[in-house]
Structures are given as structure tokens and as C-alpha cells.
Amino acid sequence: MDLLTTLVDKGLRRELPTRDEALAVLATQDDDLLDVVAAAGRVRRHWFGRRVKLNYLVNLKSGLCPEDCSYCSQRLGSTADILKYTWLKPDQAAAAASAGVSGGAKRVCLVASGRGPTDRDVDRVSQTIAAIKEQNEGVEVCACLGLLSGDQAERLRAAGADAYNHNLNTSESTYGDITTTHTYADRVDTVQQAQAAGLSACSGLIAGMGETDADLVDVVFGLRDLDPDSVPVNFLIPFEGTPLAKEWNLTPQRCLRILAMVRFVCPDVEVRLAGGREVHLRSMQPLALHLANSIFLGDYLTSEGQAGQADLDMIADAGFEVEGAGTVTLPEHRAAAGAGCGGHGGACGPLGAAHDVEAAAQGSGCGGHGSGCGTCEAPAERAADPGTGRTAEPAVEPVAEPVAEPVGAARTDLVAVRRRGAGTDLPPNA
Ligand code: SF4
């Protein structure tokens, strides 16, 4: 396909595809799908080799959010039967983070539900960051606390945060259909505040919320304009008890096309396979590693992912390798450009530095869906959990073949509400 040859050439040169080219990727036929994956995989390997970065979610505060993000199980009015708890203490969060790090994660994503942090919350998170860094030398910490204001970004940076996650989630034109309590512009502003403070920006999207191909291209082009260091790609987990519970409209093939499009538009950026991968890609997850260079290890914020050991096995079986703590995630031109872990912001850098780790985060926070806030509903734990002895049983039952469920059907067989804290089988903060 001439299209794919063009896109590979552009990806290797970091040149932006046209909107029509991005749309054409989403419109490819199943017969061409492996060619699409192979082409985007060339771009992925050019910038990131066969490395897979592991990220670990710690849900600092779960549920009870006053915002109304339709995709979120923690939203105002959600009747999803999720765990609800207030702030984990620094030592609790550090213990959870250590479980992920011992499973191979190089980034810990600290997520809290809510519109945004108070100054007292920033103090609390600062203490948590210190506790995590004290126990896990060299680990990258990304905060995902919602909308920032005042000097909060600077304070988080000063406290040692390497990155900040805040997802755009969907296109500007459809944002009001998904959320009414804040705007797309609010989200853009927070990402820019994080960048200005020297934090590595992590910002991504959620696919599967009823958007059009044009919406998907719009949000990914919007992300490219913002130039985050990492882009989490979430696939909606339709929680019972949320307005989008009936939105089961993704197939594994569709997910792969979306990931390929994101890779072509953001060729040298950390593209993270985030919430919903087990639910929607199912047995096709390993193919997605040819497109994304980063995943969450274990569970998401309010739902269970597959066991961490299953993630590690999948990476090895597919011929990829877990990115080591001493490796800089981003290509040299991006890692040197800014600051953080990745690119611009700041902190992290190449190895060695005191706070160096890198930065992109997504998996997480508000905004995503993996969890709560926005970004990711991200998986948080259930990593390999070597310290806990947890077995590697998949939390999500494998499905023999893609099932196109009728609209309106609940898929409780696919969506498992998370009942445990990071690195433990006990509820957090019980
Ligand atoms: S995504 Fe974040 S801000 Fe929105 S409802 Fe969920 S926790 Fe609240």
C-alpha cells in the first residue's frame, strides 16, 4: 500500500501525516491489518527498539468525585460497585509502589480522583513522592491529580515528581458530550502548566466512547500539538453504573488500527497501551506491542487487569523485552530537549541523575479511564507482585473469539471491578 510506505517514511522523519492519511489508517480493511501493524511497527522499532516500558498505577484516592466524566466509574452519580476510599498515607502508597517496581515497573503513576488537588493535597502527595523515591531509587513518579492551579505544578516538580498526567480524552468538539463540569480547554491548560513547570507531560485519549474516526484523528492531532512525552491510549471499559455502560463498540482490529494511527502521528513519543487492553484486544494484545512501547503492569484504577506475571510472559513470548531502569525511554533528541523524563520538562533524564527517570505517564489519572481520572483508568497493580506471592491467574477470562455483543448487554464477564490494593489482595485503606 502506498499509504503505508508514505506513513513509514514520515514516521522515520518525525513528519506529521495529513489528516486524510490518519483517517485512511482507521479505514483500512481487515485483509490489510497485518500490513498496517507491520508498517507502524517499523516506526515503533526505529525509535524504541523492542523495549516495553512498564508503569504501575497506585490509586491514592478512589471514588466520590464531584465531576461527571461519563466514562468514569468514580464520577458523580456512578453506581459502579467500586472501592471508595480517601487518601492513602505515604507509607501505604510507597508499599504499593514498591510492589510494582519489584515487578519491573520503572514508573509509578500516582492517581487521585477529584476535580483537582487542594494545596493540602499537594503537600500530601509531595510526602508520598518522597517516601516512594526513598524506597525505590531511580523510579520515575508521575502524578495524576486532576486540574492544576496556582503554583501546584511547580510544587510537585520541586517535590520530585518527574511527570504529570492529564488526558485530553476526546476531541474538542465532542468533549461537552462526555463531560460538562470542565472543558477541553481546562485540560489543555493543565497539560501546559505541567510542561511549563518542567514536568514531563503525559496526555492521551480514550477510544470507544461513540466517537467518529474524525474525532479520534482530532484528539490525536490535538495531542501532537501539545507535544506530550507520553500518550496513553485507553479503550473504554464500560462500567455498569456509568452512562457509557452500553458502549461496547470496539473490536481488537479497531483497537490495533487506532494504535497504529497514534504511532504514525506521534512516532517518537512513548505510546502507552493503557486501560481496556485486556477487555478489547483480548488475545490480540501481543500484536499491540508492535505499536505501543509502554504498558501498565497489572491492575487499573478501579478494574482488574490481567495478572502482572501474564503481562511479563506476554512481553517475552512476543519477542520484546522489559525496558530496564538504566535506559532512557525517549529517543535522544526528545530526552535532551526538555526536561523531564522525556522530553520536555524536565526532570528525568538519562540515567544517573538523582531524579531521573522519565516521564510520561499516563496510565493514569484522571482522565483516562483506567481509572479514575481521566487518563487512565489505569491499571495499577497486580504486577508480577513477586513480593506478595500472588499467582499469575488472569483476572480477565480469555475469550475464544471476538464477541460482538448486542448493544445494551452488560459484560460482567469481561469487566472485573478491582477489589484489592496495589501489591496485595486486601482492599486499600481498609
Ligand atoms: S475522570 Fe477524574 S475528574 Fe473525571 S469523574 Fe473520574 S475521577 Fe473525577
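Just so it is clear, the structure is predicted and the values come from calculations on it, not from any experiment.

Scoring rules and cut-offs
- Every chain is numbered independently, its residues counted from 1 as its sequence is written.
- Local features in a predicted model are, by the rule used here, given only for residues with pLDDT of at least 70; side-chain atom pairs are given and counted only at 80 or more, and totals for whole chains, interfaces and linings are based on all residues.
- Going along the chain from the N terminus, every DSSP run of H or I of four or more residues is numbered as a helix, and every run of E of two or more is numbered as a strand.
- In this scheme every C-beta is placed from the backbone, and a residue whose C-beta has 20 or more other C-beta atoms within 10 Å is buried, one with 12 or fewer is exposed, and one in between is partly exposed.
- Whether two residues are in contact is decided by their C-beta atoms, placed from the backbone, lying within 7 Å.
- Here a nonpolar core is just a set of buried residues of the types Ala, Val, Leu, Ile, Met, Phe, Trp, Tyr and Cys, joined wherever their C-beta atoms sit within 7 Å.
- UniProt positions are given in the numbering used here, feature names are shortened, and annotations may be inferred rather than shown by experiment.
- Only C-alpha atoms enter the line fits that serve as axes; for helices the fit covers just the stretch in contact. Angles between N-to-C directions range over 0 to 180 degrees.
- Crossing handedness is defined as follows: a turn of the near helix away from the far one that is anticlockwise and smaller than a right angle gives a left-handed crossing, while the clockwise case is right-handed.
- When residues are grouped by polarity, Ala, Val, Leu, Ile, Met, Phe, Trp, Tyr, Cys and Pro land in nonpolar, Asp, Glu, Lys and Arg in charged, and all others, Gly among them, in polar.
- Two strands pair if DSSP finds at least two bridges between them.
- For the handedness criterion, the strands are oriented away from the viewer, and a crossover whose path from the first strand over the helix to the second runs clockwise is classed as right-handed.
- Multiplying one less than the number of residues by 1.5 Å gives the expected span of a helix.
- The arc refers to the directions leading from the helix axis to the C-beta atoms.
- A score between 0 and 100, pLDDT records how confident the predictor is in each residue.
- Orientation labels follow simple angle bins: below 35 degrees gives roughly parallel, above 145 gives roughly antiparallel, 65 to 115 gives roughly perpendicular, and whatever is left gives oblique.

Novice: In this structure, what is going on with the overall build of the protein? I would like to understand it.
Specialist: Per the secondary structure count, the protein includes 14 helices and ten strands. Burial status across the protein gives 60% buried among its 430 residues. A sequence separation of at least 24 residues applies to 77% of the contacts in the protein between residues at least 6 apart.

Novice: Whenever I open this one, the nonpolar core confuses me. Can you help?
Specialist: Soluble, globular proteins show a tendency: their nonpolar side chains are buried together. Core analysis: the biggest nonpolar cluster contains 109 residues, and Val58, Val108, Leu110, Tyr164, Val233 and Leu259 have the highest contact counts within it. Looking at this core element by element, the count peaks at nine residues for helix H10 (residues 252-265).

Novice: Even after reading the chapter, I still don't get the UniProt feature "binding site: [4Fe-4S] cluster" (unreviewed entry) in the protein, so can you show me in this structure?
Specialist: Taking the UniProt record as the reference, the feature "binding site: [4Fe-4S] cluster" (unreviewed entry) is found at Cys65, Cys69 and Cys72. Mapped onto the fold, Cys69 is located in the loop between strand E1 (51-61) and helix H4 (90-102). According to the C-beta neighbour criterion, Cys69 is buried, with 28 such atoms within 10 Å. Checked against the element boundaries, Cys72 lands in the loop between E1 and H4.

Novice: Is there a simple way to explain the packing of helix H9 (residues 213-226) against H10 in this structure?
Specialist: If you want to describe how two helices pack, look at the angle between their axes and the distance between the axes. Direction vectors running N to C along H9 and H10 enclose 30 degrees, while the axes themselves pass 10 Å from each other. In terms of crossing hand, the pair formed by H9 and H10 is right-handed. Facing Leu216, Val220, Phe221 and Arg224 of H9, the residues of H10 in contact are Ile258, Met261, Val262 and Val265. Residues belonging to the contact of H9 with H10 are distributed by class as follows: seven nonpolar, no polar and one charged.

Novice: What exactly am I supposed to notice about the environment of Ala22 here?
Specialist: By the element assignment, Ala22 lies in helix H2 (residues 19-26). Owing to 25 C-beta atoms within 10 Å, Ala22 belongs among the buried residues under this scheme.

Novice: What am I meant to see in the pairing of strand E7 (residues 230-235) here?
Specialist: On any regular strand, side chains alternate: one points to one face of the sheet, the next to the other face. Within E7, six of the six residues are buried, which leaves the element mostly enclosed by the surrounding structure. Of the two faces of E7, both are covered, the one formed by Ser230, Pro232 and Asn234 as well as the one formed by Val231, Val233 and Phe235. By the bridge criterion, three bridges tie strand E6 (residues 205-207) to E7 in an arrangement that is parallel. Each residue of the ladder has a partner; that of Ile206, found in E7, is Asn234. In this region the chain leaves E6, passes through H9 and returns to the parallel neighbour E7; the handedness of that crossover is right-handed. Read as a crossover between parallel neighbours, the route from E7 over H10 to strand E8 (residues 270-273) is right-handed.

Novice: Before we go on, may I ask you to explain helix H5 (residues 119-135) in this structure?
Specialist: Think of an α-helix as 3.6 residues a turn; residues three or four steps apart then line up on the same face. With 17 residues, H5 extends 25 Å from end C-alpha to end C-alpha; this agrees with the ideal 24 Å at 1.5 Å per step. Those residues of H5 lying buried are Val122, Arg124, Val125, Thr128, Ile129, Ile132 and Lys133. When H5 is viewed along its axis, its buried side chains cluster within an angular range of 165 degrees and face the same direction. Exposed side chains of H5 directed beyond 90 degrees from the buried face belong to Asp119, Arg120 and Glu134. Next to the buried residues of H5 lie H4, strand E2 (107-112), strand E3 (140-144) and helix H6 (152-158).

Novice: Would you mind going over the pairing of E8 with me for this structure?
Specialist: Going residue by residue along E8, you find Glu270 and Arg272 tucked away on one face and Val271 and Leu273 tucked away on the opposite face as well. Both E7 and E8 contribute to a ladder of four bridges, which runs parallel. Each bridged residue has a counterpart across the sheet, and for Val231 the counterpart in E8 is Val271. Across two bridges, E8 lies against strand E9 (residues 294-296) in parallel orientation.

Novice: Mind showing me how you'd approach the UniProt feature "binding site: [2Fe-2S] cluster" (unreviewed entry) in the protein here?
Specialist: Under the local residue numbering, the UniProt record ascribes the feature "binding site: [2Fe-2S] cluster" (unreviewed entry) to Cys109, Cys142, Cys202 and Arg272. These annotated residues cover 164 residues of sequence, and their C-alpha atoms all fall within 13.8 Å of one another, placing them together at a single site. Along the chain, Cys202 falls in strand E5 (residues 200-202). With 42 C-beta atoms counted inside 10 Å, the residue Cys202 sits in the buried group. Mapped onto the elements, Arg272 comes out in strand E8.

Novice: Teacher, can you tell me more about the confidence of the model for the protein here?
Specialist: Parts of the model with low pLDDT should not have their predicted coordinates read in detail. Per-residue pLDDT for the protein has a mean of 84; in total, 80% of the residues score no lower than 70. Within the model, the stretch residues 339-406 combines pLDDT values under 50 with 368 contacts to residues more than four positions away or in other chains.

Novice: How do you make sense of the packing of H2 against H10 when you look at a structure like this?
Specialist: Contact geometry of H2 with H10 gives a least axis separation of 8 Å together with a crossing angle of 155 degrees. Compared by their axis directions, H2 and H10 come out roughly antiparallel. Every pair of crossing elements has a handedness; the one defined by H2 and H10 is right-handed. Residue-level contacts link Ala22, Val25 and Leu26 of H2 to Arg257, Ile258, Ala260, Met261, Phe264 and Val265 of H10. A per-class count over the contact of H2 with H10 returns eight nonpolar, no polar and one charged.

Novice: It is not clear to me how the environment of Pro117 should be interpreted in this structure. Could you clarify?
Specialist: For Pro117, the position within the fold is in the loop between E2 and H5. Residue class for Pro117 comes out buried when judged on the 22 C-beta atoms lying within 10 Å of it. Residues within four places of Pro117 in sequence aside, it is in contact with Ala112, Val122, Val125, Leu145, Gly146 and Gln152.

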